[in-house]
Amino acid sequence: MKTSQPEKPDSLKSTLLAVAKIGIMLLGIVGLAVEIFRDNGLLKQLFTKMLDSPLGIFSIPLALLALYLFNRWLGTATDGKSSTRGDLPMYIMMGIGAYFLYRLMTTGSL
């Protein structure tokens, strides 16, 4: 009978790095939410621009199609192998979080 080796816990360094990644991502999510939903924020500006012109109304289905195709691209495996394409949104959100962290440190607000 083979005895399985107990799994070793992650090192302190890798745990702290994972906590920092999550913190930066959460800061990105909160920063985007503040920018989108504030008075005269990005959501209101986007809808105003899209609904003011006929070309803007046509761009709504195109944006939804682009989001659908991006989701399909992230979710499909290549040649039966797993891919790291699914990590792309995490890294994008970490970049946004780093931007808001910089803005928070330099101006004192998101």
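Source: prediction; values computed, not measured. (Residues numbered from 1 in each chain as written. Predicted model: local features only at pLDDT ≥ 70, side-chain atom pairs only at ≥ 80, totals over all residues. Heavy atoms only, no water.)

Focus: the overall build of the protein chain
Moving on, step 1. Summing up its helical and strand segments, the protein chain has four helices and zero strands in all.
Moving on, step 2. Reading the protein chain from its N end, one meets helices and strands in the order α-α-α-α.
Moving on, step 3. For 110 residues, the compact-globule estimate of 2.2 N^0.38 gives 13 Å, and the protein chain exceeds it by more than 25% at 20 Å.
Moving on, step 4. Taking the principal axes of its C-alpha atoms as reference, the protein chain extends roughly 70 × 45 × 15 Å.
Moving on, step 5. In the protein chain, which comprises 110 residues, the share counted as buried stands at 12%.
Moving on, step 6. Considering only residue pairs separated by 6 or more positions, the protein chain has 52% of its internal contacts joining residues 24 or more positions apart.
Moving on, step 7. When the accessible surface of the protein chain is split by element, carbon and sulfur atoms take 69% of a total near 9,200 Å².
Moving on, step 8. Between the averaged position of the 11 positive side-chain charges in the protein chain and that of its 7 negative side-chain charges there is a distance of 5 Å. (Helix = DSSP H or I, 4+ residues; strand = E, 2+ residues; numbered from the N terminus. Rg over C-alpha atoms; globule rule 2.2 N^0.38 Å. Buried < 20%, exposed > 50% of the residue type's maximum accessible area, 1.4 Å probe, protein only. Contact = heavy atoms within 4.5 Å. Areas by Shrake-Rupley, 256 points an atom, 1.4 Å probe, with all protein chains shown as cover. Lys, Arg positive; Asp, Glu negative; His and termini not counted. Charge placed at Lys NZ, Arg CZ, Asp CG, Glu CD.)

Re helix α1 (residues 12–37)
Moving on, step 1. For α1, with 26 residues, the first-to-last C-alpha span of 37 Å sits near the 38 Å given by 1.5 Å per residue.
Moving on, step 2. Looking only at α1, the buried set comprises Leu27, Gly28, Gly31 and Glu35.
Moving on, step 3. Summarising the contacts, the buried residues of α1 are in contact with α2 (42–52) and α4 (88–107). (Expected span 1.5 Å × (residues − 1).)

Structural notes on the environment of valine 30
Moving on, step 1. Position of valine 30 relative to the elements: it lies in helix α1.
Moving on, step 2. Considering only alpha carbons, one finds valine 30 and glycine 97, 67 residues apart in sequence, at a separation of 8.5 Å.

So, the pattern of salt bridges
Moving on, step 1. Counted according to the given criterion, the structure contains two salt bridges.
Moving on, step 2. Residue glutamate 35 is joined to arginine 38 by a salt bridge in which the shortest nitrogen-to-oxygen separation is 3.2 Å.
Moving on, step 3. Residue class for arginine 38 comes out partly exposed when judged on its relative accessible area of 42%.
Moving on, step 4. Between glutamate 35 and arginine 103 there is a salt bridge, and its shortest N-O distance comes to 2.9 Å. Here glutamate 35, found in helix α1, pairs with arginine 103, found in helix α4; they are 68 residues apart in sequence, far enough to count as distant.
Moving on, step 5. Connected through shared salt-bridge partners, Glu35, Arg38 and Arg103 make up one network. (Salt bridge = Lys/Arg side-chain N within 4 Å of Asp/Glu carboxyl O.)

Topic: the packing of α1 against α4
Moving on, step 1. Contact pair α1 / α4: the axes reach a minimum separation of 7 Å and the direction vectors enclose 75 degrees. The orientation of α1 with respect to α4, classified from their angle, is roughly perpendicular. Between α1 and α4, the contacting residues are Lys21, Ile24, Met25, Leu27, Gly28, Ile29, Gly31, Leu32 and Glu35 on the first element and Met90, Met93, Met94, Ile96, Gly97, Ala98, Phe100, Leu101 and Arg103 on the second.
Moving on, step 2. For the contact of α1 with α4, the residue count by class is twelve nonpolar, three polar and three charged. (Axes fitted to C-alpha atoms, helices over the stretch in contact; angles between N-to-C directions. Parallel < 35°, antiparallel > 145°, perpendicular 65-115°, else oblique. Nonpolar A, V, L, I, M, F, W, Y, C, P; charged D, E, K, R; others polar.)

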